[in-house]
Amino acid sequence: MHDIKEIRKDIDAFKKALEKRFIDIDYEKLKSLDILNRELIQKKEILEREKKDISKSKDETLFEKSKNISQSIDKIIEEQKKIKFDLDKILSNIPNIPHKDVPYGKDENDNVEIKRYGKIRKFEFVPKSHYELGEKLCMLDFDLASKTTGTRFVFVKKKLALLERAISNFMLDTHISKNGYEEISPPLLASENSMYGTGQLPKFENDQFEVKLEEGSDRKFLIPTAEVILTNIVRNTMMDLKSLPLRFVASTPCFRKEAGSYGKDTKGMIRQHQFYKVELVSIVEQNKCLVELERMTNCATRILDLLELPYRKMILCSGDMGFSAEKTYDIEVWIPSEKKYREISSCSSCSTFQATRMKTRYKDQNKETLFVGTLNGSGLAVGRTLIAILENYQEKDGSITIPKVLRPYMNNLERISLN
RNA sequence: GGAGAGAUGGCUGAGCGGUUGAAAGCACCGGUCUUGAAAACCGGCAAAGGGGCAACUCUUUCCUGGGUUCGAAUCCCAGUCUCUCCGCCA
């Protein structure tokens, strides 16, 4: 959420900064609502002052007048609330301003590759897709999932289920013991406030699974990413400067409706309604966001290095970035069957955008109250890592070699094959 | 699910319907003292919003939302959350 005071100072600069985002904002309306809002506040405060004086004087002859003032105040408040509501509605739908490092561009085609890592394996046979391999091994079952649940779900079975668990544990252990993150096993439901805090609401309600509880109770949502919960840990708090930075990691299922991606990646487990993801979240002093973003991205790529999977690092263009992000790196892993790189991690700095929504602040050395910076990144998406391992480590007979670092997590199993 | 108790500033914790934005303590900041530190003593210390170039000033805020009243942290109603006891249960 942007501060209207900052916008007011230089609305043209604000407009310009957001041009890169390709979104429609009614700036004239924003401006006029802001002015109207402040006018009403002033009117109200003058009357309140008057009322307060009467009350203090305890002069009974003025009590009747005070009553009348109350009525006028009520009217003004009602009007002002409406204006403020409209104003907030516009504000809460404006995305974060892209950092100046962010390349200009409309969509994913304009993302810029920074560097490639690892060696792409040369196959002496035509590499199969992960779903062909998984189904042949009888360890990925999409039909069964559509029977019990519906489309965009999958059963992972036997040794692949073990592999999935191994991937998750390996990532967690690495982030905890090597990268300095604190392990969390969080709730998988988030309140409406939490969803607002990280920016999923109000704009992206359509992507969320809402859970029906009792009639009249507060709304709850299945988390689309652990980012929601991990970041909201600090919602509405005054942080101790000494406690920063905070770094959390969690491995959780994530739930997304994937509305608007009908017909996209329908085959296989690239895009599911439910998937595991190891999530990294950092809470930092606001001027340390970009340094932390580099650090976090390195924590994510380290996993791929250890798994010996080829990948490339991308910086997202302005048009492809998420709502709350000021700067985002995507990590894309090589998928042999598609002969292309696919997203396996996304690391973003949200600057103070989420903190202003969450009201998370700290006092710096000068005792000035500032909003914290928040960052989140996948470290990594477990399901897609499973896919990458299946495809990159496949053998001609359809068996899968297990990456060395994962073997300790799988009773030293070296290979997954049909038997 | 049944029965109670509670929610106050960064934290702990007082608070007869009218100088209570809120005692006290802790923490924090500044100063005196000290070779330095600690202790002691003195002083400062909430947030949000509005107006002003500024010094400054005004309004709001004691969980949230309604209500009573000239006036509410204090009284009434509803809700949320927390805690204790009982029951049930992974």
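Residues numbered from 1 in each chain as written. Chains lettered and ligands numbered in written order. Predicted model: local features only at pLDDT ≥ 70, side-chain atom pairs only at ≥ 80, totals over all residues. Heavy atoms only, no water.

Asker: What is the right way to look at the sheet that holds strand β6 (residues 210-211) in this model?
Answerer: Backbone hydrogen bonds hold the strands of a sheet together, and the pairing may be parallel or antiparallel. Here we have three strands laid out as an open sheet, ordered β5-β7-β6, and antiparallel in their pairing. Two strands lie at the open edges of the sheet, namely β5 (189-191) and β6, each paired on one side alone. Note: β5 against strand β7 (residues 220-222), three bridges, orientation antiparallel. By the bridge assignment for β7, Ala190 is matched with Phe221. (Pairing = 2+ DSSP bridges. Helix = DSSP H or I, 4+ residues; strand = E, 2+ residues; numbered from the N terminus.)

Asker: Sorry, what's going on with the layout of surface pockets here?
Answerer: Gaps between atoms show up when a probe of the same size as a water molecule is rolled over them. Quantified by volume, the second largest pocket comes out at close to 650 Å³. Lining the second largest pocket are 24 residues, and of these Met1, Tyr196, Thr356, Arg357 and Lys359 lie nearest its centre. Only α1 (4-9), α4 (63-92), α8 (192-197) and α11 (353-358) provide two or more residues apiece to the lining of the second largest pocket. Here the lining of the second largest pocket gets five residues from one element, more than from any other, and that element is α4. Split by domain, the residues of the lining of the second largest pocket number at least three in each of domain 1 (4-92) and domain 2 (108-416). (1 Å grid on protein atoms, 1.4 Å probe; cavity = no way out; pocket = protein on both sides within 12 Å on 5 of 7 lines; lining within 4 Å. Points joined across faces, edges and corners; volume = space filled by probe spheres on them. Domains from an automatic or database assignment.)

Asker: Looking at this structure, I do not really get the protein's contact with RNA strand B. What am I missing?
Answerer: Close to RNA strand B lie 21 residues, the nearest being Arg38, Glu48, Arg49, Ser66 and Lys67. A distance of 2.9 Å is found between a phosphate oxygen of RNA strand B and a side-chain nitrogen or oxygen belonging to Arg49. In this structure, Lys52 approaches RNA strand B through a side-chain N or O atom, which is 3.2 Å from a phosphate oxygen. Elements represented by at least two residues in the surface near RNA strand B include exactly α1, α3 (27-57), α4 and β14 (361-363). Its residues placed into classes, the surface near RNA strand B shows three nonpolar, five polar and 13 charged. (Near = heavy atom within 4 Å. Polar contact = N/O pair within 3.5 Å; in protein donor to acceptor, adjacent residues only side chain to side chain. Nonpolar A, V, L, I, M, F, W, Y, C, P; charged D, E, K, R; others polar.)

Asker: What am I meant to see in the environment of His2 here?
Answerer: Looking at where His2 falls in the secondary structure, it is placed in the segment before α1. On the basis of relative accessible area, His2 is assigned to the buried category, the value being 11%. For the pair His2 and Val281, spaced 279 residues apart in sequence, the C-alpha separation works out to 21 Å. Separated by 2.7 Å, the side chain of His2 and the backbone oxygen of Pro95 make a polar contact. (Buried < 20%, exposed > 50% of the residue type's maximum accessible area, 1.4 Å probe, protein only.)

Asker: Even after reading the chapter, I still don't get the domain arrangement of chain A, so can you show me in this structure?
Answerer: When the parts of a complex come together, some accessible area is lost, and that lost area is often used as the size of the interface. For chain A, the assigned domains read domain 1 (4-92) and domain 2 (108-416). On a C-alpha basis, the centroid separation for the pair domain 1 and domain 2 is 41 Å. Surface buried jointly by domain 1 and domain 2 totals about 510 Å² across both partners, of which 43% is contributed by carbon and sulfur atoms. Among the residues domain 1 hides against domain 2, the three largest losses belong to Lys20, Arg21 and Ser92. Together they make up 88% of the total. At the boundary of domain 1 with domain 2, the tally comes to zero salt bridges. (Buried area = accessible area lost by both parts, 1.4 Å probe. Salt bridge = Lys/Arg side-chain N within 4 Å of Asp/Glu carboxyl O.)

Asker: Help me out: how do you make sense of the pairing of strand β13 (residues 340-349) in this one?
Answerer: For a regular strand, side chains alternate in direction, first toward one face of the sheet and then toward the other. A large share of β13 lies buried, amounting to eight of its ten residues. Relative to β13, strand β12 (residues 327-335) is paired through nine bridges, and the arrangement is antiparallel. The residue of β13 that forms the bridge with Asp330 is Ser346. Here β12 hands over to β13 after four residues, with Lys339 in that stretch at a positive phi of 55 degrees. The pairing of β13 with strand β16 (residues 373-381) spans three bridges and is antiparallel. Across the sheet, Ser349 pairs through a bridge with Leu375, a residue of β16.

Asker: Would you explain the pattern of salt bridges in this entry?
Answerer: A pair can form between side chains of opposite charge whenever their charged atoms are brought close. In this structure the tally under the stated criterion is 24 salt bridges. Taking the shortest distance from any N to any O, the salt bridge between Asp88 and Lys84 comes out at 3.2 Å. Of the two residues, Asp88 and Lys84 both sit in helix α4, four residues apart, roughly one turn of that helix. What you see here is one network of salt bridges that share partners, running through Glu258, Asp265, Arg271, Glu338 and Arg342.

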